[in-house]
Amino acid sequence: MTDEHGNGGILEVAPAGAQVGITVATPSGGHTFLCTPARARELAAALGLAADEAESGPAAPVTVSAGELRRGDVRDGDRPMTVAAVRVEGGTAHVTWTSGAGRSWNQMYGADASLRLRRRGRLPGA
(Lines give C-alpha, C1' and ligand atoms only; values in the text may rest on other atoms or scores of the structure.)
Protein backbone atom coordinates (compact mmCIF):
# COMPACT_ATOMS: atom_id res chain seq x y z
CA MET A 1 0.00 0.00 0.00
CA THR A 2 1.10 3.59 -0.50
CA ASP A 3 0.01 6.86 1.06
CA GLU A 4 -0.67 10.17 -0.71
CA HIS A 5 3.10 10.88 -0.79
CA GLY A 6 4.05 7.52 -2.32
CA ASN A 7 5.48 6.07 0.90
CA GLY A 8 4.98 2.32 1.28
CA GLY A 9 3.46 0.48 4.20
CA ILE A 10 2.18 -2.92 5.22
CA LEU A 11 -1.33 -3.67 6.46
CA GLU A 12 -1.86 -6.79 8.56
CA VAL A 13 -5.14 -8.09 9.93
CA ALA A 14 -5.44 -10.89 12.49
CA PRO A 15 -7.71 -12.10 15.29
CA ALA A 16 -6.85 -10.48 18.64
CA GLY A 17 -8.80 -12.39 21.25
CA ALA A 18 -12.47 -11.45 20.88
CA GLN A 19 -11.52 -8.54 18.59
CA VAL A 20 -9.80 -8.00 15.25
CA GLY A 21 -6.38 -6.36 15.18
CA ILE A 22 -5.48 -4.12 12.26
CA THR A 23 -1.82 -3.10 12.11
CA VAL A 24 -0.40 -0.48 9.77
CA ALA A 25 3.40 -0.56 9.61
CA THR A 26 5.54 2.01 7.80
CA PRO A 27 9.28 2.65 7.86
CA SER A 28 8.64 5.51 10.32
CA GLY A 29 6.56 3.43 12.74
CA GLY A 30 3.24 1.71 13.05
CA HIS A 31 -0.17 1.69 14.68
CA THR A 32 -2.41 -1.15 15.79
CA PHE A 33 -6.16 -0.67 15.95
CA LEU A 34 -8.64 -3.07 17.56
CA CYS A 35 -12.25 -3.39 16.48
CA THR A 36 -15.19 -5.73 16.92
CA PRO A 37 -15.79 -8.51 14.40
CA ALA A 38 -18.95 -6.67 13.26
CA ARG A 39 -16.96 -3.47 12.57
CA ALA A 40 -14.31 -5.52 10.73
CA ARG A 41 -17.06 -6.93 8.48
CA GLU A 42 -18.35 -3.40 7.81
CA LEU A 43 -14.82 -2.33 6.87
CA ALA A 44 -14.42 -5.35 4.58
CA ALA A 45 -17.75 -4.57 2.86
CA ALA A 46 -16.75 -0.91 2.37
CA LEU A 47 -13.36 -1.95 0.94
CA GLY A 48 -15.05 -4.38 -1.44
CA LEU A 49 -17.49 -1.72 -2.67
CA ALA A 50 -14.67 0.80 -3.16
CA ALA A 51 -12.62 -1.80 -5.07
CA ASP A 52 -15.58 -2.60 -7.33
CA GLU A 53 -16.12 1.10 -8.03
CA ALA A 54 -12.41 1.69 -8.73
CA GLU A 55 -12.27 -1.24 -11.17
CA SER A 56 -15.39 -0.21 -13.05
CA GLY A 57 -14.26 3.41 -13.43
CA PRO A 58 -16.56 6.42 -13.62
CA ALA A 59 -19.73 5.98 -15.59
CA ALA A 60 -22.76 8.07 -16.36
CA PRO A 61 -25.76 7.18 -14.18
CA VAL A 62 -28.48 5.16 -15.87
CA THR A 63 -32.19 4.79 -15.07
CA VAL A 64 -33.84 1.36 -15.15
CA SER A 65 -37.16 -0.04 -14.04
CA ALA A 66 -37.23 -1.94 -10.74
CA GLY A 67 -38.14 -5.11 -12.63
CA GLU A 68 -34.89 -4.85 -14.63
CA LEU A 69 -32.58 -4.58 -11.60
CA ARG A 70 -29.87 -7.22 -11.29
CA ARG A 71 -27.43 -8.31 -8.63
CA GLY A 72 -24.55 -5.86 -8.29
CA ASP A 73 -26.44 -2.76 -9.48
CA VAL A 74 -25.49 0.28 -7.37
CA ARG A 75 -28.16 2.90 -6.70
CA ASP A 76 -27.14 6.52 -7.28
CA GLY A 77 -27.17 8.85 -4.30
CA ASP A 78 -25.13 10.05 -1.35
CA ARG A 79 -25.19 6.58 0.26
CA PRO A 80 -24.50 3.78 -2.21
CA MET A 81 -26.78 0.76 -1.98
CA THR A 82 -26.08 -2.42 -3.92
CA VAL A 83 -28.65 -4.93 -5.16
CA ALA A 84 -28.02 -8.28 -3.47
CA ALA A 85 -31.10 -10.01 -4.96
CA VAL A 86 -34.21 -9.18 -6.93
CA ARG A 87 -37.37 -11.18 -7.51
CA VAL A 88 -40.31 -10.05 -9.65
CA GLU A 89 -43.79 -11.34 -8.91
CA GLY A 90 -46.45 -9.95 -11.18
CA GLY A 91 -46.21 -6.17 -11.03
CA THR A 92 -44.00 -6.07 -7.92
CA ALA A 93 -40.22 -6.18 -7.66
CA HIS A 94 -38.85 -7.46 -4.33
CA VAL A 95 -35.33 -6.05 -3.93
CA THR A 96 -32.75 -6.93 -1.28
CA TRP A 97 -30.27 -4.09 -0.84
CA THR A 98 -26.93 -4.00 1.00
CA SER A 99 -25.09 -0.92 2.22
CA GLY A 100 -21.38 -0.23 2.25
CA ALA A 101 -21.57 -0.77 6.01
CA GLY A 102 -22.71 -4.36 5.49
CA ARG A 103 -26.37 -3.89 6.42
CA SER A 104 -29.15 -5.38 4.30
CA TRP A 105 -32.88 -4.79 3.94
CA ASN A 106 -35.75 -5.57 1.58
CA GLN A 107 -37.95 -3.15 -0.33
CA MET A 108 -40.85 -3.62 -2.72
CA TYR A 109 -41.38 -1.45 -5.80
CA GLY A 110 -43.80 -1.43 -8.66
CA ALA A 111 -41.97 -3.39 -11.37
CA ASP A 112 -42.15 -0.33 -13.65
CA ALA A 113 -40.82 2.15 -11.03
CA SER A 114 -37.77 4.07 -12.28
CA LEU A 115 -34.56 3.84 -10.25
CA ARG A 116 -31.38 5.78 -10.98
CA LEU A 117 -28.23 3.68 -10.84
CA ARG A 118 -24.64 4.80 -10.39
CA ARG A 119 -23.37 1.58 -11.94
CA ARG A 120 -24.85 -1.54 -13.50
CA GLY A 121 -23.95 -4.93 -12.05
CA ARG A 122 -22.52 -7.70 -14.15
CA LEU A 123 -24.77 -10.08 -15.98
CA PRO A 124 -24.75 -13.66 -14.65
CA GLY A 125 -21.82 -15.58 -16.14
CA ALA A 126 -19.96 -12.37 -17.08
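Residues numbered from 1 in each chain as written. Predicted model: local features only at pLDDT ≥ 70, side-chain atom pairs only at ≥ 80, totals over all residues. Heavy atoms only, no water.

1. Some remarks on the layout of surface pockets
The condition that has to hold: In this analysis a 1.4 Å probe is tested at points of a 1 Å grid over the protein atoms alone, and where it fits but cannot get out there is a cavity; an open set with protein on both sides within 12 Å along at least five of seven lines is a pocket; lining residues have an atom within 4 Å of a point. Grid points are joined across faces, edges and corners, and a volume is the space filled by probe spheres set on the points. Elements are defined by DSSP. Helices are runs of H or I of four residues or more, strands are runs of E of two residues or more, and each kind is numbered from the N terminus. Residues are sorted three ways: Asp, Glu, Lys and Arg are charged, Ala, Val, Leu, Ile, Met, Phe, Trp, Tyr, Cys and Pro are nonpolar, and all the rest, Gly among them, are polar.
Of the volumes computed, that of the second largest pocket is approximately 160 Å³. Every residue along the wall of the second largest pocket is listed here: Leu 11, Val 13, Val 20, Ile 22, Ala 40, Leu 43, Ala 44 and Leu 47. The set of elements that each furnish at least two residues to the lining of the second largest pocket consists of strand S1 (10–16), strand S2 (19–26) and helix H1 (37–56). Broken down by element, the residue count for the lining of the second largest pocket peaks at 4 residues, all from H1. For the lining of the second largest pocket, the per-class residue count stands at 8 nonpolar, no polar and no charged.

2. Quick word on the sheet that holds strand S8 (residues 104–110)
To keep things clear, this is the line we draw: Paired strands are those between which DSSP finds at least two bridges.
Taken together, 6 strands build an open sheet; the order of strands is S4-S9-S5-S6-S7-S8 and the sheet is antiparallel. Sheet topology places strand S4 (62–65) and S8 at the edges, where each strand pairs with a single neighbour. Pairing geometry for S4 and strand S9 (residues 114–119), over 4 bridges, is antiparallel. Paired with Ser 65 across the two strands is Ser 114, which belongs to S9.

3. Here we look at the nonpolar core
Defined as follows: By nonpolar core we mean a set of buried residues, namely Ala, Val, Leu, Ile, Met, Phe, Trp, Tyr and Cys, connected to one another through side-chain atoms within 4.5 Å. Burial classification: accessible surface area is computed with a 1.4 Å probe over protein chains only, and a residue below 20% of its type maximum counts as buried, one above 50% as exposed, and the rest as partly exposed. In this description, contact between two residues means that some pair of their heavy atoms is separated by no more than 4.5 Å.
Among the nonpolar cores identified, the biggest contains 11 residues, and these are Val 64, Ala 66, Leu 69, Met 81, Val 83, Ala 93, Val 95, Trp 97, Tyr 109, Leu 115 and Leu 117. Put simply, the parts of the chain that give this core at least two residues each are strand S6 (81–89), strand S7 (92–99) and S9. Examining the composition of this core, we find that 3 residues originate from one element, S7, more than from any other. The contacts of Leu 115, once residues within four sequence positions are left out, are Val 62, Thr 63, Val 64, Ala 66, Leu 69, Arg 75, Trp 97 and Tyr 109.

4. Considerations on the pairing of S1
Among the 7 residues in S1, 0 count as buried, and that is only a small part of the element. With 7 bridges joining them, S1 and S2 adopt antiparallel strand pairing. Directly across from Pro 15, in S2, lies its bridge partner Val 20. What sits between the antiparallel neighbours S1 and S2 is a turn of 2 residues, in which Gly 17 has the positive phi angle 70 degrees.

5. Quick notes on the environment of Asp 73
The condition is simple: Polar contact criterion, stated in full: a pair of N or O atoms within 3.5 Å, where within protein one must be able to donate a hydrogen and the other to accept it, and residues adjacent in sequence count only if both atoms are side-chain atoms.
Considering the arrangement of structural elements, one finds Asp 73 in the loop between S4 and strand S5 (74–75). At 2.9 Å, the side chain of Asp 73 forms a polar contact with the backbone nitrogen of Arg 70.

6. A word on a nonpolar patch on the surface
We apply this condition: What goes into a patch is any residue over 30% in relative accessible area without a salt bridge, connected to like charges within 9 Å or, for nonpolar side chains (Val, Leu, Ile, Met, Phe, Trp, Tyr), within 5 Å. Using the Shrake-Rupley algorithm and a 1.4 Å probe, accessible areas are obtained, with residue cover drawn only from the displayed protein chains. The salt bridge definition used is simple: a Lys or Arg side-chain nitrogen within 4 Å of an Asp or Glu carboxyl oxygen.
Together, Met 1, Leu 11 and Val 13 make up an exposed nonpolar region whose accessible area comes to about 320 Å². Mapped onto the secondary structure, Met 1 falls in the segment before S1.

This is a description of form; function is not addressed.
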